[in-house]
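Chains, contacts and geometry: an overview
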There are 2 protein chains.
Amino acid sequence: MPQAYADLADRFARISNVEGALAVLSWDAAVVMPKGGAEGRGEQTAVLKRFAHDLITAPVVAERLAQADDETLDEWQRANLVEMKRRHVQATAIPSDLVEAIARVTTTCEMIWRDARAKSDFAELATSLTEVVRLTRAQAEALGAAQGLSPYDALLDLYEANLRDSTIEPIFTRLGQELPGISEAVIARQPKAMELSGPFPIERQKLLARDMMAAVDFDLSQGRLDESAHPFSGGIPGDVRITTRYEEADFLQAMMGVLHELGHAQYTAGQPVAWRHQPVGDARGMIVHESQSLFTEMQASRSRPFTAFLAGRARAVFEREDDPALSAENLSRLVNRVQKSLIRVEADETTYPLHIVLRWRLEKAMINGDLSVADLPAAWNDGMRELLGIVPPDDRRGCLQDIHWPVGAFGYFPCYTLGALMAAQLFRAMLKQVPDALEHLGRGSFGPILAWQRENVHQQGCRYTFDQLLARITGETLGPDAFLDHLRLRYLSGA
Amino acid sequence: MPQAYADLADRFARISNVEGALAVLSWDAAVVMPKGGAEGRGEQTAVLKRFAHDLITAPVVAERLAQADDETLDEWQRANLVEMKRRHVQATAIPSDLVEAIARVTTTCEMIWRDARAKSDFAELATSLTEVVRLTRAQAEALGAAQGLSPYDALLDLYEANLRDSTIEPIFTRLGQELPGISEAVIARQPKAMELSGPFPIERQKLLARDMMAAVDFDLSQGRLDESAHPFSGGIPGDVRITTRYEEADFLQAMMGVLHELGHAQYTAGQPVAWRHQPVGDARGMIVHESQSLFTEMQASRSRPFTAFLAGRARAVFEREDDPALSAENLSRLVNRVQKSLIRVEADETTYPLHIVLRWRLEKAMINGDLSVADLPAAWNDGMRELLGIVPPDDRRGCLQDIHWPVGAFGYFPCYTLGALMAAQLFRAMLKQVPDALEHLGRGSFGPILAWQRENVHQQGCRYTFDQLLARITGETLGPDAFLDHLRLRYLSGA
C-alpha cells in the first residue's frame, strides 16, 4: 500500500474505532445507563470526541493527504481518499473556539428548548436560538469558504456529500405544488379504518417485533433490539442496535418504528467488510440512510402484501383471529391513513414532505439572514396555512416541536424527504429487477429484496455520492416523479 | 492551582475518562454485546488503551512531574502526585515492544488455556505458558529496575502499592501452619446442613437480590445489577455495575455473589467526589478492594444475624415459610459449610487461603526461575497434598483451573487472602466503634456499617497505601490474628 495513503488509512481506522466506542456509549446512555452516570458519561464522551477531532485535524494529515494524491491508488482507495479529504476539510475549517462555542450554546439551547416547549413559550427560547443561528451561520461561512460553497450548501454537505440547494429547490417547489392536492384527494376518498382496540400485551408485541426482524432477515447474532424513550438505530457493522417504544394500546406504532429502524440497521450491517473502519466503508449520508429506512418501512412494509402478512402474524401473536380491526384490509388502512397533522413526526406519507418544505424555507432564510428568530412563529404559522391549510393553536405544536434547530442541526431536514424520494426511485428500480418482490413480501420475506439492497446500495459504502449512486442504479437524477407516482398508486388508484 | 500540577491533573482526568469509557465497553461486552461485535470491540478497546498509554507516557509528563515536585501542594494533592508518579513509572518502565509482545502472547495463551483446561491437557499449555512466564519475568525486571524492587515485588506493586513479599512471607507461613488444623477441627465437629431443594424461580431470586441490594444501601439510581457468565463489578462512581449468575437449584450462590460484588461496588461508589477522575480519588489496590467485598460478604453477610435475615426474606420471597432448609440455623450452616475442595473458587473461608498459599509459592518460584513450567503439575499436586491433604486426579482440577497465569497475572493471588485478613481486622475495628452493628445486620440493614466504611475506607481514595490505611483505622499492621480469631469464633466456638 502506498505509504502516505497507508498512514492515513491507519489514522482513519483509529478514528473509526473511537467513533465506534462513542456509538456504544451513546446506546448505553439511552438504553441502560442509570441516572447517576450522566455526568461521567458526558465527560467520557467529550474526551473521546476531542481525541477523534485531534486525530483528524493533526497537521500531518494535510501533508499526507497531499502526498497520497500523487500515489497510485485503485478506484476504492481513491474514493476513500476523497472522503478523507472531505472529513479533514470539514473538521479543520471551523476554528476550535467556534467549535467549543457551538457545543456550549447548543447544549444550553437544548435545555431551554425542552422547558420552552413544555410551556409553549417561544419567547423563552428566542435569545438562545438567536445565538445558535448566529454561530451556525459563522460555522456555515467557515465551512463554505473552505469548500467554495454557499453557507447553506456547506451545511447541507455536512449531512449528505454533494447535496446542493439548487438540487432541492425545484424538487421542493414541485412537492409544494402537488402534495396539497394529493392529500386533499386522499382524505376525501379514503375508506374509514376501524380503530385498534387494545390492550396488546407488550410481551406479545416483543414476539411480533421478532417476527418483523426475521422478515427483514436481521441477524440477532449481529445486533440487538431494545427499548428507549426515543427510538434510534446505532452501533457498528457486526453489532447494530435498534430501539423501539411499546404502547399497550397500539402495537402498530412500535412495529412500524422497528421496521423503520431495521432499514437503517440493515444499511449499517451491510457495509463492505473489506473497507470496514475506512471512511469509504461507511454508510453514505442522511439522504441515503433515510432512503433505506423508508424503503423498508414506507415502500416495502406498508405495501398491501406485507401489511397482509403483518395482520396475519398479529392475529396469531395476540390470539385475536376474529378481530376485524386486524384484518389485512383494515390494517392496511390503519398504516396508510392520511390526515393533516400539526406534528411532523405524526404526519403521513403524503403530508410529511410539506412539513419539510416549510422547515427548509425557514432554516434557509434564517441562515441567509432573511428571517430573524423573533419572526419565526409568525412565518411558521403562515407556512402551515399555505402548505397544509391548518394553523397551530400554540408554538408547542408549531415552531417549538422539533429539536433540530436548538441543537444546531440546520440543513438536516431536507434529507428526510429527499430520502423518501430516493426510496421511491430505488423501490421502482428494484421491482423491475426482482419481479416477484411483492410475493416475497406477502410471505413475510425480504430475502431477494435485501439481497438487491445489499448489492446495489449497502455494499457500495461511500464509493459514490448519493446522486452518483442513484444514477448508477436507476439511471435517474433525484426527483419527485417516482414518489408522486407511488402516492397516486397507493392512495388514489385503489390498488 | 500550581501550573505543572494543574497540567497533570487535566491529563490524568482525561486518562480516567478513557478508562471509564473502557469500563463501559467491557461491561457491555460481558452483558449485552452480540457475538458479531467481538472483533470491532477488540479494536475499539485496543485504540482506547493505546490512547490512555500515550497520554501517560508522553515525554512532557516526566517534566511536569519533576516541576510539580517543587510546587506547593496540600496533602491530598501531594498524595495525588505520588500516585501519578507511580502510574507514570509503571507505564514507562516497560519497553513498548515488550508491552505489545505480552498483549499478544497472553491473548494466545488464554485461548490455548481454555482448550487445554477443557481437555485437562497441561502439555498443550506448557509452551505458551513458558513464554508468558519468560515475558512476565522481563516485565517484572524492567518494573523492578525502575522502582528499586525485586522482580516479584514489582509485580505485587502493580496490584497493590507498597505490597512486598517480605510482608506476605510471615503471614502466609503462619496461615500454612494454622489453617489445616482449623479446617480439620471444623470438619470434624460441624453439624450437618440440610440441602436446599429447588427449584427457586429466577424471577423470585431477582427480587431477593433486590432485597440484598437494599440491605447494603445500594442506590439503583447510581448503578445496575445484571447477569453475566462470570460475575464482576465494574463501572465508575455514579454508575457502578455488578453482575451475577442465577441457578434455579441454588439461590445462595447468586445471593452470596451479589453481596460480594456489592462490597466492591460500594467501595467504587463511595470514592471521594472532590477527587473524582484523579488518581488519588480512585479505589486503592486489590487488597483493599478485596477487603471491602469480603467485609460485606464474609464478615457481615455470612454472620448469624444477617443469615437469619436472609433466611426470613428467602422464605417470604419463595413462599416457603415451612421449608426447614430455609431456617435461620440451616441457612447459616449452608453458607458457612467447611469442606476441602480441589477448586479455589469453591473453597470455604478456612481453606481458601491454603489455595492462595500454594499459588503464591509456585508463582514466586516461576518468576524467580526456581520452578519451570514443565514441573508445575507435580509441584502443584505436592503442595495440595501438603496444605490440604487432597490431590487433584487431573490437571483440570489442578494447575489448569485458574485463568490468572495464562493472562500474565502473577502477583495477583496473594491479594485475595490479604484482603480477607484486612477485612477481619477492619470488621473487628468497626464492631468496636459501631456497637450495635450486629443488631442492624439482623434487621437487614448495613446503614451504620456502610457509613463507617464510607468514612474510614471509601472516602480515603488513594490518600494512603493499604498498610497506612489499615494502621490509621486499626492501629495494626496487616496480620493473620483477627482472621484466625474470626474463624475460631465463627466455626469453633458455637457462637
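Source: prediction; values computed, not measured.

Rules and cut-offs
Residues numbered from 1 in each chain as written. Chains lettered and ligands numbered in written order. Predicted model: local features only at pLDDT ≥ 70, side-chain atom pairs only at ≥ 80, totals over all residues. Contact = placed C-beta atoms within 7 Å. Helix = DSSP H or I, 4+ residues; strand = E, 2+ residues; numbered from the N terminus. Nonpolar A, V, L, I, M, F, W, Y, C, P; charged D, E, K, R; others polar. Axes fitted to C-alpha atoms, helices over the stretch in contact; angles between N-to-C directions. Parallel < 35°, antiparallel > 145°, perpendicular 65-115°, else oblique. Left-handed = near helix turned anticlockwise from the far one by under 90°. Pairing = 2+ DSSP bridges. Least-squares fit on C-alpha atoms with pLDDT ≥ 70 in both. Core = buried A, V, L, I, M, F, W, Y, C linked by C-beta atoms within 7 Å. Buried ≥ 20, exposed ≤ 12 C-beta atoms within 10 Å, placed from the backbone. Domains from an automatic or database assignment.

Below, the discussion takes up the interface of chain A and chain B. Every contact between the two is made by 29 residues of chain A and, on the other side, 29 residues of chain B. Elements with a minimum of two residues in the side of chain A that touches chain B: helix H1 (3-31), helix H2 (38-57) and strand E1 (223-227) of chain A. For the side of chain A that touches chain B, the element with the highest residue contribution is H1 of chain A, accounting for eight residues. For the side of chain A that touches chain B, the residue count by class is 12 nonpolar, 10 polar and seven charged.

Residue and element names in this part refer to chain A. Packing of helix H3 (residues 59-69) against helix H4 (residues 75-93) brings their axes to within 11 Å, and their N-to-C directions diverge by 150 degrees. Considering their axes alone, H3 and H4 lie roughly antiparallel with respect to each other. Where H3 crosses over H4, the two elements pack in a sense that is left-handed. Where H3 abuts H4, its residues Val61, Ala62, Leu65 and Ala68 lie against Leu81, Met84, Lys85 and His88. Taken together, the residues of the contact of H3 with H4 break down into six nonpolar, one polar and one charged.

Take the sheet that holds strand E1 (residues 223-227) of chain B next. Residues and elements named next belong to chain B. The three strands are arranged E1-E3-E2 in an open sheet whose pairing can be described as mixed. The open sheet has two edge strands, E1 and strand E2 (233-236), and neither has a second partner. The average undirected angle you get between the axes of adjacent strands in this sheet is 20 degrees.

Turning next to the relation of the copies chain A and chain B. It takes a turn of 180 degrees to lay chain A on chain B, together with a shift of 0.0 Å along the axis; the resulting RMSD is 0.0 Å. These values place the two chain copies in the arrangement generated by a two-fold rotation axis. Residue by residue, 100% of the interface of chain A is reproduced at the interface of chain B, so both copies engage with the same surface.

All right, on to the packing of helix H14 (residues 352-367) of chain B against helix H15 (residues 376-388) of chain B then. Two measures define how a pair of helices packs: the angle their axes make with one another and the distance between the axes. Residue and element names in this part refer to chain B. Interhelical geometry of H14 versus H15 gives an angle of 145 degrees and a closest axis separation of 10 Å. In this structure, H14 meets H15 at a crossing whose hand is right-handed. Contacts from Leu354, Val357, Leu358, Arg361 and Leu362 of H14 reach H15 at Leu376, Ala379, Trp380, Gly383, Met384, Leu387 and Leu388. Taken together, the residues of the contact of H14 with H15 sort by class into 10 nonpolar, one polar and one charged.

Moving on: the nonpolar core. Counting 107 residues, the largest nonpolar core has Met212, Met255, Val258, Met422 and Ala423 of chain B as the members making the most contacts within it. In terms of residue count, helix H16 (residues 413-433) of chain B provides more of this core than any other element does, 11 residues in total. Counting residues in hydrophobic clusters, the runner-up holds 106 residues, among them Leu143, Leu208, Ala314 and Leu354 of chain A.

Residues and elements named next belong to chain A. For chain A, the assigned domains are domain 1 (1-73) and domain 2 (162-495). With centres defined by C-alpha atoms, the gap from domain 1 to domain 2 works out at 30 Å. Residue-level contacts link 11 residues of domain 1 with 11 residues of domain 2. Residues of the side of domain 1 that touches domain 2, tallied by class, amount to seven nonpolar, four polar and no charged.

All names here are of chain A. Assignment of secondary structure puts Gln177 in helix H8 (residues 165-189). Exposure remark for Gln177: the 10 C-beta atoms within 10 Å place this residue in the exposed category. When the C-alpha atoms of Gln177 and Gln3 are compared, they prove to be 54 Å apart, with 174 residues separating the residues in sequence.

Turning our attention to the environment of Ala424 of chain B. Residue and element names in this part refer to chain B. Locating Ala424 in the fold gives a position in helix H16. Residues Ala424 and Leu294 lie 130 residues apart in sequence; the distance between their C-alpha atoms is 8.5 Å. The contact partners of Ala424, leaving out residues within four places of it in the chain, are Gln299, Ala482, Phe483 and His486.

Cis peptide bonds are those with omega within 30 degrees of zero, and the linkage from Gly198 of chain A to Pro199 of chain A qualifies with 0 degrees. Note that Pro199 of chain A resides in the loop between H8 and helix H9 (202-215). Here the phi dihedral of Ser120 of chain B falls at roughly 50 degrees; this positive angle occurs in a residue that is not glycine. In this fold, Ser120 of chain B is placed in the loop between helix H5 (96-119) and helix H6 (122-147). One non-glycine residue, Asn162 of chain B, lies in the positive phi region at around 75 degrees. Take Asn162 of chain B: it is sitting in the loop between helix H7 (151-159) and helix H8 (165-189).

Okay, the pairing of strand E3 (residues 239-244) of chain B next. All names here are of chain B. Within E3, six of the six residues are buried, which leaves it mostly tucked inside the rest of the structure. Where burial is concerned, the two faces of E3 agree: the one with Asp239, Arg241 and Thr243 and the one with Val240, Ile242 and Thr244 are both buried. In this structure, E1 lies alongside E3, joined through five bridges in parallel fashion. Bridge pairing in E3 places Glu227 opposite Thr244.

Here the focus is the pairing of strand E2 (residues 233-236) of chain A. All names here are of chain A. Residues Ser233 and Gly235 line one face of E2 and the alternating positions Gly234 and Ile236 line the opposite face, and both faces are buried. When E2 meets strand E3 (residues 239-244), the two strands line up antiparallel, connected through four bridges. Its bridge partner lying in E3, Ser233 is registered against Ile242. Linking two consecutive strands that pair antiparallel, namely E2 and E3, is a turn of two residues; a positive phi of about 95 degrees is found at Gly238 within it.

The next subject is the sheet that holds E2 of chain A. Adjacent strands of a sheet pair through backbone hydrogen bonds, lying either parallel or antiparallel. Residue and element names in this part refer to chain A. Strand order across the open sheet formed by three strands is E1-E3-E2, with mixed pairing between neighbours. Both outer strands of the open sheet, E1 and E2, are each paired with one neighbouring strand and no more. Taking each pair of neighbouring strands and ignoring which way they run, the sheet shows an average axis angle of 20 degrees. Contacts from helix H10 (residues 251-269) reach E1, E2 and E3, with the element oriented near 165 degrees to E3.

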